[in-house]
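Coordinates in review
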Amino acid sequence: MINGKNILAIVPARLGSKRLKMKNIKMFKGKPLFVWALKSALASKYIDEIFLTTESKKIQKIAKKHGFFSKYLRNPSLSKDKTSANDVIMDVLKNLRKKYDYFIYLQATSPLRKIYDIDFCIKKVVYGKYDTLISIYDINENIKPNGAIYINKTKEFLKYKTLFRNKKTTFYRMPKMRSVDIDHIQDFNKALTI
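The rules behind each value
Residues numbered from 1 in each chain as written. Predicted model: local features only at pLDDT ≥ 70, side-chain atom pairs only at ≥ 80, totals over all residues. Heavy atoms only, no water. Helix = DSSP H or I, 4+ residues; strand = E, 2+ residues; numbered from the N terminus. Rg over C-alpha atoms; globule rule 2.2 N^0.38 Å. Buried < 20%, exposed > 50% of the residue type's maximum accessible area, 1.4 Å probe, protein only. Contact = heavy atoms within 4.5 Å. Areas by Shrake-Rupley, 256 points an atom, 1.4 Å probe, with all protein chains shown as cover. Lys, Arg positive; Asp, Glu negative; His and termini not counted. Charge placed at Lys NZ, Arg CZ, Asp CG, Glu CD. Pairing = 2+ DSSP bridges. Axes fitted to C-alpha atoms, helices over the stretch in contact; angles between N-to-C directions. Parallel < 35°, antiparallel > 145°, perpendicular 65-115°, else oblique. Left-handed = near helix turned anticlockwise from the far one by under 90°. Nonpolar A, V, L, I, M, F, W, Y, C, P; charged D, E, K, R; others polar. Expected span 1.5 Å × (residues − 1). Phe/Tyr/Trp six-rings, centres within 6.5 Å; stacked < 30°, edge-to-face > 60°. Lys NZ or Arg CZ within 6 Å of the ring centre and 35° of its normal.

Concerning the overall build of the chain
- Along the backbone of the chain there are 6 helices and 8 strands.
- A globule of 194 residues ought to have a C-alpha radius of gyration of about 16 Å, and the chain, at 16 Å, matches this closely.
- Among the 194 residues that make up the chain, the fraction classed as buried is 52%.
- The contacts in the chain between residues at least 6 apart in sequence include a share of 71% that link residues at least 24 apart.
- Put simply, the chain shows about 10300 Å² of open surface, and 51% of that area lies on carbon and sulfur atoms.
- One way to put it: in the chain the 41 positive side-chain charges average out to a point 4 Å from where the 16 negative ones average out.

What follows is the structure, encoded as structure tokens:
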């Protein structure tokens, strides 16, 4: 909790993947890739609960080995290549017993995200009274989302059903070097060298 606001972390980790086979459970620097997102969320000063959303009992078993217990399995229809993050998040929010002021969406494919990135972003969005925060990086004098951190005010997301809103949105710039979003084997190998 921070400034009276409670924070939910959502970590998506489906078993299948189109380009890099089973990338979420691929070993990255000693841990399965998705576990890095769980561990960073657990280490945050401000996150109150972590929700692992997966269709896979195998992923649940791996998470348990690393000290994280999850009972919820999402419908396989929400684990397709074309399933949107927005649909996955809506499913999580509908299955919560408790209400949260904000949620932070931490994709497994950004293992170079640091704990201080997470906590800084939470502070920025809460104290700045923003609805949305998106992590970005610079490329060819343009800015692009890097997939590492998305934070939304829960009631705003439920109203508009999207991570991307221009109104009351702020950004968090991360170094290009740590903005690797693993989609291909080349991304995975690059991240290993950093």
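A look at the sheet that holds strand β5 (residues 102–105)
- Across the sheet, which stays open at both edges, the 6 strands sit in the order β4-β1-β5-β7-β6-β8 with mixed pairing between neighbours. Sheet topology places β4 (49–53) and β8 (169–173) at the edges, where each strand pairs with a single neighbour. Averaged over all pairs of adjacent strands, the angle between strand axes in this sheet comes to 30 degrees, irrespective of strand direction.
- Relative to β4, strand β1 (residues 7–12) is paired through 5 bridges, and the arrangement is parallel.

Considerations on the packing of helix α1 (residues 33–43) against helix α2 (residues 57–65)
- Two elements in contact, α1 and α2, have axes separated by 11 Å at closest approach and are oriented at 50 degrees. Overall, the two elements α1 and α2 adopt an arrangement that is oblique. The interaxial crossing formed by α1 with α2 has right-handed handedness. Contacts between α1 and α2 involve Phe 34, Val 35 and Leu 38 from the former and Ile 59, Ile 62 and Ala 63 from the latter.
- Here the residues of the contact of α1 with α2 are counted per class, giving 6 nonpolar, no polar and no charged.

Quick word on helix α4 (residues 115–127)
- End to end, α4 covers 18 Å across 13 residues, agreeing with the expected 18 Å (1.5 Å per residue, within 8%).
- Along α4, the residues that are buried comprise Asp 117, Ile 118, Asp 119, Cys 121, Ile 122, Val 125 and Val 126.
- Those residues of α4 hidden inside the fold are in contact with β1, α1, β5, β6 (132–139), β7 (142–153) and β8.

Focus on the packing of aromatic side chains
- Under the defined criterion, the tally for this structure stands at 7 aromatic pairs.
- Seen in terms of ring centroids, Phe 28 and Phe 188 are 5.7 Å apart; in terms of plane orientation they differ by 75 degrees. Their pairing is edge-to-face. Taken as a pair, Phe 28 in strand β2 (residues 27–28) and Phe 188 in helix α6 (residues 185–192) lie far apart in primary sequence, 160 residues in all. Both residues of the pair, Phe 28 and Phe 188, belong to the buried class.
- Ring centres of Tyr 150 and Phe 164 lie 5.7 Å apart, and the angle between their planes is 80 degrees; on these two criteria the pair is classed as edge-to-face. Taken together, the residues span a long stretch of sequence, with Tyr 150 in strand β7 and Phe 164 in the loop between α5 (154–160) and β8 at a distance of 14 residues.
- The exposure class assigned to Phe 164 is partly exposed, which follows from its relative accessible area of 46%.
- Aromatic ring contacts, followed pair by pair, group Phe 28, Trp 36 and Phe 188 into a single cluster.
- One residue, Lys 26, lies across the ring of Phe 188, its end atom 5.0 Å from the ring centre.
- Lying over the aromatic face of Trp 36, Lys 31 brings its terminal NZ or CZ to 4.2 Å of the ring centre.

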